[in-house]
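Fold and geometry: a report
Spelled out from the first residue to the last, the chains are:
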Amino acid sequence: GIQVEQSPPDLILQEGANSTLRCNFSDSVNNLQWFHQNPWGQLINLFYIPSGTKQNGRLSATTVATERYSLLYISSSQTTDSGVYFCAVVSTGNQFYFGTGTSLTVIP
Amino acid sequence: GAGVSQTPSNKVTEKGKYVELRCDPISGHTALYWYRQSLGQGPEFLIYFQGTGAADDSGLPNDRFFAVRPEGSVSTLKIQRTERGDSAVYLCASSLGTGGTDTQYFGPGTRLTVL
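We now turn to the structure provided with this report. Predicted model, so just to flag it, every value in this text is computed and none were measured. (Residues numbered from 1 in each chain as written. Chains lettered and ligands numbered in written order. Predicted model: local features only at pLDDT ≥ 70, side-chain atom pairs only at ≥ 80, totals over all residues. Heavy atoms only, no water.)

1. Structural notes on the interface of chain A and chain B
- Between chain A and chain B, the contact holds 19 residues from the first and 23 residues from the second.
- Regarding the contact of chain A and chain B, the summed buried area is about 1,500 Å², with carbon and sulfur atoms giving 49% of it.
- At the surface where chain A touches chain B, the tally comes to zero salt bridges.
- Here chain A and chain B share six residue pairs in polar contact (both at pLDDT 80 or more) between them.
- Counting only elements with at least two residues in the side of chain A that touches chain B, the list comes to strand S4 (31–37), strand S5 (43–48) and strand S9 (83–90) of chain A.
- Top contributing element to the side of chain A that touches chain B by residue count: S4 of chain A, with four residues.
- Split by residue class, the side of chain A that touches chain B holds seven nonpolar, 12 polar and no charged. (Contact = heavy atoms within 4.5 Å. Buried area = accessible area lost by both parts, 1.4 Å probe. Salt bridge = Lys/Arg side-chain N within 4 Å of Asp/Glu carboxyl O. Polar contact = N/O pair within 3.5 Å; in protein donor to acceptor, adjacent residues only side chain to side chain. Helix = DSSP H or I, 4+ residues; strand = E, 2+ residues; numbered from the N terminus. Nonpolar A, V, L, I, M, F, W, Y, C, P; charged D, E, K, R; others polar.)

2. Focus on the pairing of strand S3 (residues 19–24) of chain B
All names here are of chain B.
- Residues Val19, Leu21 and Cys23 point to one face of S3 and are all buried, whereas Glu20, Arg22 and Asp24, pointing to the other face, are not buried.
- Examined bridge by bridge, strand S1 (residues 5–7) and S3 share three bridges and lie antiparallel to one another. Note on S3: the bridge partner recorded for Ser5 is Asp24.
- With five bridges joining them, S3 and strand S8 (residues 75–79) adopt antiparallel strand pairing. Of the residues in S8, the one forming a bridge with Arg22 is Thr76. (Buried < 20%, exposed > 50% of the residue type's maximum accessible area, 1.4 Å probe, protein only. Pairing = 2+ DSSP bridges.)

3. A closer look at the pattern of salt bridges
- Applying the stated criterion to the full structure yields four salt bridges over all chains.
- Of the charged contacts in the structure, one is a salt bridge between Arg58 of chain A and Asp81 of chain A, with a shortest N-O distance of 2.8 Å. You can see Arg58 of chain A sitting in the loop between strand S6 (52–56) and strand S7 (59–64) and its partner Asp81 of chain A sitting in the loop between strand S8 (69–74) and S9, a full 23 residues away along the chain.
- Overall, Arg58 of chain A belongs to the partly exposed group, its relative accessible area being 27%.
- Taking the shortest distance from any N to any O, the salt bridge between Asp24 of chain B and Arg22 of chain B comes out at 2.9 Å.
- What makes Arg22 of chain B partly exposed here is its relative accessible area of 38%.
- It is possible to trace a salt-bridge network through shared partners that takes in Arg64, Glu83 and Asp86 of chain B.

4. Digging into the sheet that holds S7 of chain A
Residue and element names in this part refer to chain A.
- Strands sit in the order S1-S3-S8-S7-S6 across an open sheet of five strands; the sheet is antiparallel. Every interior strand has two partners, whereas the edge strands, strand S1 (4–7) and S6, have only one. Within this sheet the neighbouring strands show an average axis-to-axis angle of 15°, counted without direction.
- Note: strand S3 (residues 19–25) against S8, six bridges, orientation antiparallel. Counterpart to Arg22 in the pairing with S8 is Leu71. (Axes fitted to C-alpha atoms, helices over the stretch in contact; angles between N-to-C directions.)

5. Observations concerning the nonpolar core
- Among the nonpolar cores identified, the biggest contains 22 residues, and Trp34, Leu72 and Val89 of chain A are the most heavily contacted of them.
- If you list the elements that add at least two residues to this core, you get strand S2 (10–14), S3, S4, S5, S7, S8, S9 and strand S11 (102–107) of chain A.
- If we ignore the near neighbours within four places in the chain, the residues touching Val89 of chain A are Ile2, Val4, Phe25, Val29, Asn31, Leu32, Gln95, Phe96 and Tyr97 of chain A.
- Val4, Leu32, Ile47 and Phe49 of chain B belong to the second largest nonpolar core, which has 20 residues in total. (Core = buried A, V, L, I, M, F, W, Y, C linked by side-chain atoms within 4.5 Å.)

Structure, rendered in structure tokens:
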């Protein structure tokens, strides 16, 4: 199956700082989503973004499908942004392949 | 309902026992997925339903695992003769159409612990 790599694996930020999370994938994709998994384990949709750029408040994402990567930008981070961020892709078929995630800790 | 729901939220069982995990997808969603997440890892695909039929069960680890969706809505994941290695969080997701190009929405998961 398709390989999905996320970087960095861990990130610690001071509240108010900005960050960029990266997702590389090994094949062309039909679907790419970014998720935030909160401390209770719930996976929350952030973006459906197989290509292009989207913004939602302090978060934005860009996928460059031809170069097989996606970026998630977090601006003015808050403590509630803490958790694990996953990139997941669908190549052929319907199943998601998940990366191993970026664990973000925002300290006040 | 407002979102995907899963029951129970936690299940503790003994090695060798049988368990059933339930998923209620978002109303009207035809596609349903089961994933399994081990500690420190991303979720891994188990099975995908389109309507009542299992369209892709290639992720089921062995024949102890089985899932059904008899009326095209609620799904049950069944695990026979549980083993300690089955301990994980089992996640269900649904999407309006085929998940290949539709947003998948995840439930809160069932944490299974096999003693």
